[in-house]
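One-letter residues, chain by chain:
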Amino acid sequence: MATAQVVKVLIVDDDSVIRGVHKMLLARFAGFQITEAENGKVAVDHFSDGNEFDLVLMDKEMPEMDGVKATRALKSMGATGKIVAITADESSMEAFMDAGADKFMTKPIGRSELGDILKTFNLLN
């Protein structure tokens, strides 16, 4: 990835504290443009509005549309960015992977786990 390219990240979680933690962790790495969504429907709306993201950090349990349904919807809409399911529900791994998630992780995640995600998908500038 080019050094000057901005990496667009969508953080999808109904818990504003978790969104804030993910934002804080991403701020430790350079070159990220962060957008937040409080549920899967809002995430899908971002894509419907023509926005594309390089990375989506997706929770599972959310009002209006859960993370598995949102992941499936994003993939069916042609989303090309990587979707990483980050949830406390370890039993949802198969559902997320079947829906098209690129990686599954259990909460909580820290700086090193986030760094591993960014390295895996070649998103570090």
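Residues numbered from 1 in each chain as written. Predicted model: local features only at pLDDT ≥ 70, side-chain atom pairs only at ≥ 80, totals over all residues. Heavy atoms only, no water.

Caption draft 1: A look at the UniProt feature "modified residue: 4-aspartylphosphate" (unreviewed entry) in the protein. This chain's UniProt record puts "modified residue: 4-aspartylphosphate" (unreviewed entry) on Asp 59. Mapped onto the fold, Asp 59 is located in the loop between β3 (55-58) and α3 (67-76). Residue classification places Asp 59 among the buried positions, given a relative accessible area of 5%. In contact with Asp 59, not counting residues within four places along its chain, are Val 12, Asp 13, Asp 14, Gly 67, Ile 86, Thr 87, Phe 96 and Lys 107. (UniProt positions renumbered as here; feature names shortened; annotations may be inferred. Helix = DSSP H or I, 4+ residues; strand = E, 2+ residues; numbered from the N terminus. Buried < 20%, exposed > 50% of the residue type's maximum accessible area, 1.4 Å probe, protein only. Contact = heavy atoms within 4.5 Å.)

Caption draft 2: Summary view of the sheet that holds β3. In spatial order, the strands read β2-β1-β3-β4-β5; together these five strands make up an open sheet with parallel pairing. The open sheet has two edge strands, β2 (32-37) and β5 (103-106), and neither has a second partner. Neighbour to neighbour, the strand axes of the sheet diverge by 20° on average, direction disregarded. Seen against the sheet, helix α1 (residues 16-27) touches β1 (7-12), β2, β3 and β4 (82-87) and runs at an angle of roughly 175° to β2. Against the sheet, α3 makes contact with β3 and β4, and its axis sits at roughly 160° relative to β3, the strand it touches most. (Pairing = 2+ DSSP bridges. Axes fitted to C-alpha atoms, helices over the stretch in contact; angles between N-to-C directions.)

Caption draft 3: Spotlight on the pairing of β4. Here β4 lies mainly inside the structure; five of its six residues are buried. Two elements, β3 and β4, share four bridges in a ladder whose sense is parallel. From the neighbouring strand, Met 58 faces β4, where its bridge partner is Ala 85. Where β4 meets β5, four bridges bridge the pair, whose relative direction is parallel. Across the sheet, the residue bridging to Ile 86 is Met 105, located in β5. Crossover connection from β4 via helix α4 (residues 93-99) to parallel β5: handedness right-handed. (Right-handed = clockwise from strand over helix to strand, strands pointing away.)

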